[in-house]
Amino acid sequence: MLCAMKIEKAAAQLAELGHVTRLEIYRILVKAGRTGMPVSAIQERLSIPASTLSHHISRLVRVGLLLQTREGRVLRCNAQYKELNTLVAFLTEECCIESD
């Protein structure tokens, strides 16, 4: 099975996950499951300013790894598992094809 992900998209996603805070955010949301988590709960766990958190979340949303939705007064973030699975497949699809 060949992964349809383009190398540019994979590089952009990996670059965003290459920042410690963004990786922490993403791991928190992956652990939260399909229901996601309110931004306020993420902020509480990381103890970072709201503006800093917003910046990092927007970067992850931009590359498709997170979805942010408004539920009344609550902003909720969800990890996009399909994107995660596609990225992992891209990284492993040619594993060991040139080994002896």
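1. So, the nonpolar core
Core analysis: the largest hydrophobic core is formed by 22 residues, its most contacted members being Ile-25, Leu-29, Ile-42, Leu-53, Ile-57 and Leu-66. Elements that contribute at least two residues to this core include exactly helix H1 (7-17), helix H2 (20-32), helix H3 (39-46), helix H4 (50-62), strand E3 (74-79) and helix H5 (81-92). Top contributing element to this core by residue count: H2, with four residues.

2. Thoughts on the packing of H2 against H4
Remark: H2 packs on H4, axes separated minimally by 10 Å, with the N-to-C direction vectors making an angle of 75 degrees. If you check the angle between H2 and H4, you find them roughly perpendicular. Every residue of H4 that contacts H2 at Thr-21, Arg-22 and Ile-25 is listed here: Leu-53, His-55, His-56, Ile-57, Arg-59 and Leu-60. Residues of the contact of H2 with H4, tallied by class, amount to four nonpolar, three polar and two charged.

3. Quick notes on the sheet that holds E3
The three strands lie next to each other as E1-E3-E2, forming an open sheet whose pairing is antiparallel. Of all the strands in the sheet, just strand E1 (37-38) and strand E2 (66-71) have a single pairing partner and so form its edges. Of the strand pairs in this sheet, E2 and E3 are connected by six bridges, and their pairing is antiparallel. Considered in E3, the bridge of Thr-69 is made with Arg-76. Contacts between H2 and the sheet are confined to E1, E2 and E3, with E3 contributing the most and set at about 85 degrees to the helix. Against the sheet, H4 engages E2 and E3, with an angle of about 120 degrees to E2.

Rules used throughout
- What you see as residue numbers is a count from 1 along each chain, following the sequence as written.
- Under the rules for a predicted model, residues below a pLDDT of 70 receive no local features and side-chain atom pairs below 80 are neither given nor counted, while totals for whole chains, interfaces and linings still include all residues.
- Hydrogens and waters are ignored; side-chain quantities use all the structure's heavy atoms.
- Nine residue types can take part in a nonpolar core, namely buried Ala, Val, Leu, Ile, Met, Phe, Trp, Tyr and Cys, and a core is a set of them joined through side-chain atoms within 4.5 Å.
- For the exposure calls, accessible area comes from a 1.4 Å probe over protein chains only, and a residue counts as buried if that area is under 20% of its type's maximum, exposed if over 50%, partly exposed in between.
- The way it works is that DSSP assigns letters per residue, a run of H or I at least four long becomes a helix, a run of E at least two long becomes a strand, and they are numbered from the N terminus.
- To obtain an axis, a line is fitted to C-alpha atoms, over the contacting stretch when the element is a helix, and the angle between two such axes runs from 0 to 180 degrees between their N-to-C directions.
- Should an angle fall under 35 degrees it is called roughly parallel, over 145 degrees roughly antiparallel, and 65 to 115 degrees roughly perpendicular, with every other angle called oblique.
- Contacts between residues were defined by any pair of non-hydrogen atoms, one from each residue, lying within 4.5 Å.
- Basically, the charged four are Asp, Glu, Lys and Arg, the nonpolar ten are Ala, Val, Leu, Ile, Met, Phe, Trp, Tyr, Cys and Pro, and anything else, Gly included, counts as polar.
- Whether two strands pair comes down to DSSP finding at least two bridges between them.

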